[in-house]
Amino acid sequence: FGIHALLIVTVTLSQATATASSEKYATGDVYPPLWDLAPENLLDFLVKDNKIVINAWNYQERLGVYKNLLSSSAKYFTAFGSQNFGNILWGLPLQHGWQFRTGRLADPSSVSSCGYKDGDLLCISVRSWWSCMNYYLAIIPFLGAVEAGLFGRLPYEIEILPPEERRADFCYSVADCRSRIPKLMDEWKAYFEYLLSSEHKAVSPETFSSFKLDDALRLMWRAHVASIAYALPKFQDSLKYLSHPEANFGEDWANAVDFIAATHFSTDFQTTNNFQAFLPQRMLAEGDVLPSISDFSPQQNKVLLSLRALHKANQLTGGLLLKLWQKAMSTEAGRKIGRKMIEDLVSS
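Residue positions within a chain follow its written sequence, with the count starting from 1. In keeping with the predicted nature of the model, local features appear solely for residues at pLDDT of at least 70, side-chain atom pairs appear and are counted solely at 80 or more, and the whole-chain, interface and lining totals rest on all residues. As a convention, hydrogens and water are excluded, and side-chain values are obtained from all of the structure's heavy atoms.

J.: Help me understand the overall build of the chain, please; the structure alone is not making it clear to me.
T.: Helix and strand assignments come from DSSP, with helices taken as H or I runs of at least 4 residues and strands as E runs of at least 2, each series counted from the N terminus. Of the regular secondary structure elements, the chain holds 13 helices and three strands. Only protein chains enter the calculation, and the probe is 1.4 Å; a residue is then buried if its accessible area is under 20% of its type maximum, exposed if over 50%, and partly exposed in between. When each of the 348 residues of the chain is scored for burial, the buried share is 55%. Contacts are assigned to residue pairs that have any heavy atoms within 4.5 Å of one another. Within the chain, contacts between residues separated by at least 24 positions form 72% of all contacts whose residues are at least 6 apart in sequence. Throughout, the Shrake-Rupley method with a 1.4 Å probe supplies accessible areas, and for residues the shown protein chains are the sole cover considered. When the accessible surface of the chain is split by element, carbon and sulfur atoms take 56% of a total near 15400 Å².

In structure tokens:
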């Protein structure tokens, strides 16, 4: 059943992406919403009491965190395409943009108007499972990069503002996160230190000769998976605010990331955009029954069903399916096959 589920995912994803990604590029809808308006420099954020203060519960400011990560790491990816499109960090802000565009960052409990058009549209709700999970894929990588020295010597300390609820579930500065989640900070710091080390070993400032994309992807994915593994049990209770189909989809997607990560799949700009094309463009509602959600394409229905099957198969085998997949991906040849499978899915 497990291998069968993997085969279903492979076949249906390849069918799904061609139409959706071509439509996306036709509309020019390839950057995260409001990308141009996000802070481009760390000093564009509020500077108060000798601290750079970032409101991670505002979409535009959280997006600015990603923008600064991308611009400060751009020089390491010049060999992989123009306009920084080869930067493997693109997967994070593009995923965040998809969450915002589809209403997944808004208050799912409807207690507040946070994230809604008739309220504070840019508000990111701490009651949103998606936004809490994303904190660990935005703020923690960012603080890991600060600690690694990606931004050089900063004139001020960085302080992240806490949310209104669940303050104890997050950390708010390099020192705070270092004391609370040292292992997770180490994972992200290791990725950025690898980038920095390639600069130090470079023959000239223009060429980072020691830079190996597969090594960078391995470190980035290891940190990415660690973030999800840490946050998943912490925010399990937030799933109660979501419809049953949406909660299932969230967990299915988190499970699928483990399989994708094992291939060292490239999360550059275009590949991520192609890959996201099959994801649901709205929140799943209580009446949505797979594989016959009327306003989803047949391909989107099939993909959601396949992700469900993959997750169930992995659960039924007690995680053995993932272990077998990871073993198959443990060699460069295996990963090449795994990546080719996924690349076939996302090629339009």
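J.: Got a minute to help me understand the environment of asparagine 68 in this structure?
T.: Inspection of the secondary structure assignment puts asparagine 68 in helix α2 (residues 59-73). For the pair formed by asparagine 68 and proline 39, sequence separation is 29 residues and the distance between their alpha carbons is 7.7 Å. Every residue in contact with asparagine 68, bar those within four places of it in the chain, is listed here: Pro39, Glu40, Asn41, Leu42, Phe45 and Phe151.

J.: Would you take a moment to explain the side chain of arginine 62 for this structure?
T.: Take arginine 62: it is sitting in helix α2. His is not counted, nor are the chain ends; Lys and Arg add positive charge and Asp and Glu add negative charge. By definition, a salt bridge exists where a carboxyl oxygen of Asp or Glu is found within 4 Å of a side-chain nitrogen of Lys or Arg. One buried charged residue, arginine 62, forms no salt bridge at all, with the nearest opposite charge on glutamate 61 at 9.8 Å. A distance of 2.8 Å separates a polar side-chain atom of arginine 62 from the backbone oxygen of alanine 56. Discounting chain neighbours no more than four positions away, the residues touching arginine 62 are Asn55, Ala56, Trp57, His96, Ile124, Ser131, Asn134, Tyr135 and Ala138. Pairing of N or O atoms within 3.5 Å defines a polar contact, subject to two protein rules: one partner must be a possible hydrogen donor and the other a possible acceptor, and residues neighboring in sequence count only if both atoms are side-chain atoms.

J.: Just to check I follow, could you spell out the confidence of the model for the chain for this structure?
T.: Should pLDDT be low for a region, the predicted coordinates there are not to be read in detail. Along the chain, pLDDT gives the predictor's confidence residue by residue, from 0 to 100. Looking at the chain, the pLDDT average stands at 89 and 87% of residues meet or exceed 70. Throughout residues 10-27 the model reports pLDDT below 50, and contacts reaching past four residues in sequence, or to other chains, amount to 34 contacts.

J.: Just checking my understanding: could you explain the environment of tyrosine 59 for this structure?
T.: Residue position: tyrosine 59 is located in helix α2. Sequence separation between tyrosine 59 and leucine 105 is 46 residues, and the spatial gap between their C-alpha atoms is 8.5 Å. A distance of 2.7 Å separates a polar atom in the side chain of tyrosine 59 from the backbone oxygen of proline 33.

J.: Is there a simple way to think about the state of the cysteines in this case?
T.: Linking two cysteines covalently via their sulfur atoms produces the bond known as a disulfide. Cysteine sulfurs are considered disulfide-paired once they come within 2.5 Å of each other. The full count for this structure, using the stated rule, is two disulfides. Paired through a disulfide, cysteine 114 and cysteine 123 show a sulfur-sulfur distance of 1.9 Å. Between cysteine 114 and cysteine 123 the sulfur-sulfur dihedral comes to about -90 degrees; the bridge is accordingly left-handed. Through a disulfide, cysteine 171 is tied to cysteine 177; the S-S separation comes to 2.0 Å. In this structure the cystine formed by cysteine 171 and cysteine 177 twists about its S-S bond by roughly 100 degrees; its chirality is therefore right-handed. A single burial state applies to cysteine 171 and to cysteine 177, both of which are buried. With cysteine numbering restricted to those in disulfides and following the sequence, the chain has the pairing 1-2, 3-4.

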